[in-house]
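Chain residues, written in single-letter form:
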Amino acid sequence: MRKPLIAGNWKMNMLRDSSLALVHGLLDSLGSNTTVDVAVCPPSVYLHDVGAAIRGSQIGLGAQNMHHQAEGAFTGEVSVQMLSDLGCRYVILGHSERRELFGETDASVNQKLMAALAGGLTPIVCVGETLEQRESGATEQVIAGQIRGSLADLTAHQSEKLVIAYEPVWAIGTGKTASPAQAEEVHAQIRGLLGELFGADQAQAVRIQYGGSVKPDNAAELLSQPNIDGALVGGASLKADSFAAIVAAAG
Ligand code: 13P
């Protein structure tokens, strides 16, 4: 069985004090739920402080992005070695905001994916269609293209650590979540494609998270779908009580 992974993507929110208050609140409210993997992905400047606060707890640390090179003249960038040096276990790659606003492509996500795996991190590779693409009936084709491109040259063995996040762009930060049936349809499609790429057994092991306006009141139904193995949570991860309620819904 796949263990659900609930990860909070804080995006460019929180300051140092509020970050620490949030994780302390989470440590208080999560209890010792060992049936769910939990992660927080703060802005990179707070990885150190948040990492120190959650060390030894059930909450894993994740980053929101990284550069694919190990080191060098890449002003403003952060390498996988730096992230693991800070205790990161996860890294989000190819979030739709990075694809849309910062020019990331399937090819650049693929480079980062290879570097993240080589550096020992668990990559969370994001895919998702826009509203226009969904309305024109292109969802399946868009998702397949993103999966094939982002995972190019990945071996079945490497896919063991992989996490995919399906985040329909039209559901991100809009309060408009995909229905459980809509999400499940795409998750099942992704798992089928992973089966073609890596074999059916490997595909069964890959966790596929849903993201896009996940809240305490819709989490349980989404997470009860057979191919939804967790959530990548934006807005609702910024409050300890709502994030903890989503974790509880996965347990
Ligand atoms: P919201 O939960 O705020 O819609 O954000 C989803 C997301 O983009 C997580 O990566």
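These lines cover the structure that appears in this document, whether it is placed above or below. (Residues numbered from 1 in each chain as written. Predicted model: local features only at pLDDT ≥ 70, side-chain atom pairs only at ≥ 80, totals over all residues. Heavy atoms only, no water.)

## A short note on the side chain of arginine 99
Moving on, step 1. Structurally, arginine 99 can be placed in helix α4 (residues 96–101).
Moving on, step 2. Here cysteine 126 takes part through its backbone oxygen, which lies 3.0 Å from a polar atom of the side chain of arginine 99.
Moving on, step 3. Among residues more than four places away in sequence, those in contact with arginine 99 are Gly94, Glu104, Thr105, Asp106, Val109, Cys126, Val127, Gln146 and Ser150. (Helix = DSSP H or I, 4+ residues; strand = E, 2+ residues; numbered from the N terminus. Polar contact = N/O pair within 3.5 Å; in protein donor to acceptor, adjacent residues only side chain to side chain. Contact = heavy atoms within 4.5 Å.)

## What about the pattern of salt bridges?
Moving on, step 1. Applying the stated criterion across every chain yields a total of twelve salt bridges.
Moving on, step 2. A salt bridge links arginine 16 to aspartate 17, with the nearest nitrogen and oxygen atoms 3.8 Å apart.
Moving on, step 3. Assessed through its relative accessible area of 42%, arginine 16 is described here as partly exposed.
Moving on, step 4. The class of aspartate 17 is exposed, set by a relative accessible area of 59%.
Moving on, step 5. Ionic pairing is found between arginine 134 and glutamate 129, a salt bridge with its closest N-O pair at 2.7 Å.
Moving on, step 6. The structure contains a network of salt bridges with shared partners spanning Arg2, Arg191 and Asp229. (Salt bridge = Lys/Arg side-chain N within 4 Å of Asp/Glu carboxyl O. Buried < 20%, exposed > 50% of the residue type's maximum accessible area, 1.4 Å probe, protein only.)

## Some points on the pairing of strand β7 (residues 207–211)
Moving on, step 1. With respect to burial, β7 is a largely interior element, five of its five residues being buried.
Moving on, step 2. Residue alternation in β7 divides its side chains into two sets, Arg207, Gln209 and Gly211 and Ile208 and Tyr210, and both sets are buried.
Moving on, step 3. The sheet contact formed by strand β6 (residues 163–166) and β7 spans four bridges and is parallel. Each residue of the ladder has a partner; that of isoleucine 164, found in β7, is isoleucine 208.
Moving on, step 4. Here two bridges tie β7 to strand β8 (residues 230–233), and the two strands are oriented parallel to one another. Looking across to β8, one finds that tyrosine 210 is bridged to alanine 231.
Moving on, step 5. In this fold, the crossover linking β7 to β8 by way of helix α10 (residues 216–223) has right-handed handedness. (Pairing = 2+ DSSP bridges. Right-handed = clockwise from strand over helix to strand, strands pointing away.)

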